[in-house]
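# Inside the fold
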Amino acid sequence: MTIVALSAAETGPAELPQLEGVRAAIRPGFLVECGWDAESGVLSPPRDHPLLGLRKCARQGCLAGVRSHHVELCKTCEARHRSSGMSLAEFVLDTSVTRRSNRGERLCIVPRCERPSHTYETLCSTHCTARMLHRELSASEWIRQEQPTPLPSHGPCRVTGCIRVAAMRVGLCTPHGTRWGVDRRSGLTSRDKDALAEWITRQQPIGVDHLVILTGLPDRLIAEILLGLQHRCDEGTRTPLTVLRAMVSSARAAAVDNLPDLSRVRTTRKRHDAEALARSLATSVRRAMATPESEFALDVWDLATFGARGMLDFTAISQSWLRDAAKHWAAEDLPLHRGRQSGATAKGVIGALVYLSESLRSTREDHGEDPARLGRRDIVNFSNRLKHFEHTGSMTALTRLRTIRWVRRALDDARGFHTASGGSCSPTCLTTSR
Ligand SMILES: [Zn+2]
Ligand SMILES: [Zn+2]
Ligand SMILES: [Zn+2]
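The present account deals with the structure reproduced in this document. None of these values were measured; they are calculated from a predicted model.

Quick look at the environment of G351 now. As for its position among the elements, G351 is in helix α15 (residues 344-363). You can call G351 partly exposed: its relative accessible area is 31%.

Here the focus is the packing of helix α14 (residues 320-333) against α15. Contact geometry of α14 with α15 gives a least axis separation of 10 Å together with a crossing angle of 170 degrees. Comparing their axes, α15 and α14 come out roughly antiparallel. In contact with W321, L322, A326, W329 and D333 of α14, α15 contributes T345, A346, V349, I350, L353, L356, S357 and L360. Counted by class, the contact of α14 with α15 contains 10 nonpolar, two polar and one charged residues.

If you trace the backbone, E295 turns up in helix α13 (residues 292-296). No salt bridge is formed by the buried E295; the nearest opposite charge belongs to R286, separated by 4.4 Å. Leaving out residues up to four positions away in the same chain, E295 has contacts with R286, A290, V300, W301, D302, T305 and F306.

Another point: the sheet that holds strand β4 (residues 212-213). Read across the open sheet, the three strands follow the order β2-β3-β4; overall the sheet is antiparallel. A single partner strand is all that each edge strand has here, and the edge strands are β2 (36-37) and β4. Strand direction decides the pairing type here: strand β3 (residues 42-43) and β4, joined by two bridges, are antiparallel. Within the sheet, the bridge partner assigned to L43 lies in β4 and is V212.

Applying the stated criterion across every chain yields a total of five aromatic pairs. Considering the side-chain rings of F296 and W301, the 5.7 Å spacing of their centres and the 40 degrees angle between planes classify their relative orientation as tilted. On the accessibility criterion, F296 (24% relative accessible area) is partly exposed. The buried category is assigned to W301, whose relative accessible area is 0%. Aromatic rings pair up to connect F296, W301, F306 and F314 into one cluster. The ring of F91 is capped by R59, whose NZ or CZ atom sits 4.4 Å from the centre of that ring. We note K327 situated over the ring of F296; from NZ or CZ to the ring centre the distance is 5.9 Å.

Glancing now at helix α12 (residues 272-289). Taking 1.5 Å per residue, 18 residues should reach 26 Å; α12 reaches 26 Å between its end C-alpha atoms and fits that length. Listed in full, the buried residues belonging to α12 are A274, E275, L277, A278, L281, A282, S284 and V285.

So, about the coordination of the zinc ion (ligand 2). Under ideal tetrahedral coordination, the four donors around a metal are separated by 109.5 degrees; under ideal octahedral coordination, the six donors are separated by 90 or 180 degrees. For the zinc ion (ligand 2), the full set of protein donor atoms is C108 (SG), C113 (SG), C124 (SG) and H127 (ND1), and the range of their distances to it is 2.1 to 2.3 Å. Note that the zinc ion (ligand 2) binds four donor atoms; their angles at the metal cover 97 to 117 degrees, and the shape is tetrahedral. For the zinc ion (ligand 2), the single-chain donor residues occur in sequence as C-x4-C-x10-C-x2-H. Linking C113 in the loop between α4 (88-93) and α5 (125-131) with H127 in helix α5, this pair joins segments that are 14 residues apart in sequence. Grouping residues by exposure puts C113 and H127 together as buried.

Around the zinc ion (ligand 3), the protein contributes the donor atoms C157 (SG), C162 (SG), C173 (SG) and H176 (ND1), which lie 2.1 to 2.3 Å from the metal centre. If you look at the zinc ion (ligand 3), its four donor atoms make angles of 100 to 117 degrees with each other, and the shape they trace is tetrahedral. Mapped onto the sequence, the residues coordinating the zinc ion (ligand 3) show the spacing C-x4-C-x10-C-x2-H. In this pair, C157 is assigned in the loop between α6 (139-146) and α7 (174-185) and H176 in helix α7, connecting sequence segments 19 residues apart. Its relative accessible area of 7% is what places C157 among the buried residues. Given the relative accessible area of 0%, H176 is considered buried.

About the criteria used
- Residues numbered from 1 in each chain as written.
- Chains lettered and ligands numbered in written order.
- Predicted model: local features only at pLDDT ≥ 70, side-chain atom pairs only at ≥ 80, totals over all residues.
- Heavy atoms only, no water.
- Helix = DSSP H or I, 4+ residues; strand = E, 2+ residues; numbered from the N terminus.
- Buried < 20%, exposed > 50% of the residue type's maximum accessible area, 1.4 Å probe, protein only.
- Axes fitted to C-alpha atoms, helices over the stretch in contact; angles between N-to-C directions.
- Parallel < 35°, antiparallel > 145°, perpendicular 65-115°, else oblique.
- Contact = heavy atoms within 4.5 Å.
- Nonpolar A, V, L, I, M, F, W, Y, C, P; charged D, E, K, R; others polar.
- Lys, Arg positive; Asp, Glu negative; His and termini not counted.
- Salt bridge = Lys/Arg side-chain N within 4 Å of Asp/Glu carboxyl O.
- Pairing = 2+ DSSP bridges.
- Phe/Tyr/Trp six-rings, centres within 6.5 Å; stacked < 30°, edge-to-face > 60°.
- Lys NZ or Arg CZ within 6 Å of the ring centre and 35° of its normal.
- Expected span 1.5 Å × (residues − 1).
- Donors = N, O, S within 2.8 Å, 3.2 Å for Na, K, Ca; no water.
- Tetrahedral: all angles 85-135°; square planar, octahedral: opposite > 155°, others 65-115°.

In structure tokens:
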């Protein structure tokens, strides 16, 4: 996978919450529910988890997951079913051709043999070779008759994060061993003795359909992914494991250590769903960690923190006193509304204050930065400006009236805040002039 470098504009400010805070926000009960094993670093949600589970393929012996609600078989089995001419009921019970089924990893069936199976008969490679001398016997008959010696394990696979056991002396599991062989034959690795160690550093763990391997990722990223999943589950949002696995794969390739950075990574792979999931999880983490106080300090508010929908953007209000007044006003007003449109009034008022800000900026020498110097003339200018917009057709009469009403309302309230804080305020002059 190729990672496209981030441009300077895309690398936004990253004020990250403390790792301890992120960890503390994850409920132990959720970790149990989602099947998180901190020791192995593997997430294995129960198959029947309503939001994280990956339903198993209906075919006997196939462990692959089913990606869509309206099908019963995994992709491989689906294709094979179409060409088999069997009914679905016959096909799911048919075990005659199981060679290509996705079974995950299984150990050799020779009693006490610790090596992974190599063939559809579930024998390790050494026992498979020995068994070839007795082709007339089935695998179980051969084991009974020959009583082969069990073999000790080669240890875990050497690829970071790979949860399989090594199938060969060099310390690679079967799939990684196959990839290593292919890369060597096609000349993608050098022939020197350090080639394997270098090749291993470039590999990703082998995915297993209903598991997501997080081990090997930075601690912060793991904590953020778990907190993000918890938040999505709390909101009743489904997270397909296949997409989560693709996202984790991008994180490994890009070597990022937090979700905000991952959400800005663009890959050349066509996994827009994984990119969207990274953005969604980053938002979930931000929301899970945000408080109204922390949001107040920002110039763009995520209204979810206040129980409303959408964003509230104060950046177009250039005068700091007016921006402050607008924030105070919004923070007081938002809790007064409920429902899907509860942020609508605040958005309307802030939009109106943006018009006022523009007017002060373009008509005053000090651009309206000093509230003590504002007066009646400024509100007349503002009013005339809106009138001009109405004449030129860029604003309706209704919007003009509503804008004036909203500005008056916000400034009246701002005067209240200012008086309460013991200052003298020119918003008074503005609001008494109309
Ligand atoms: Zn299947
Ligand atoms: Zn064996
Ligand atoms: Zn491996």
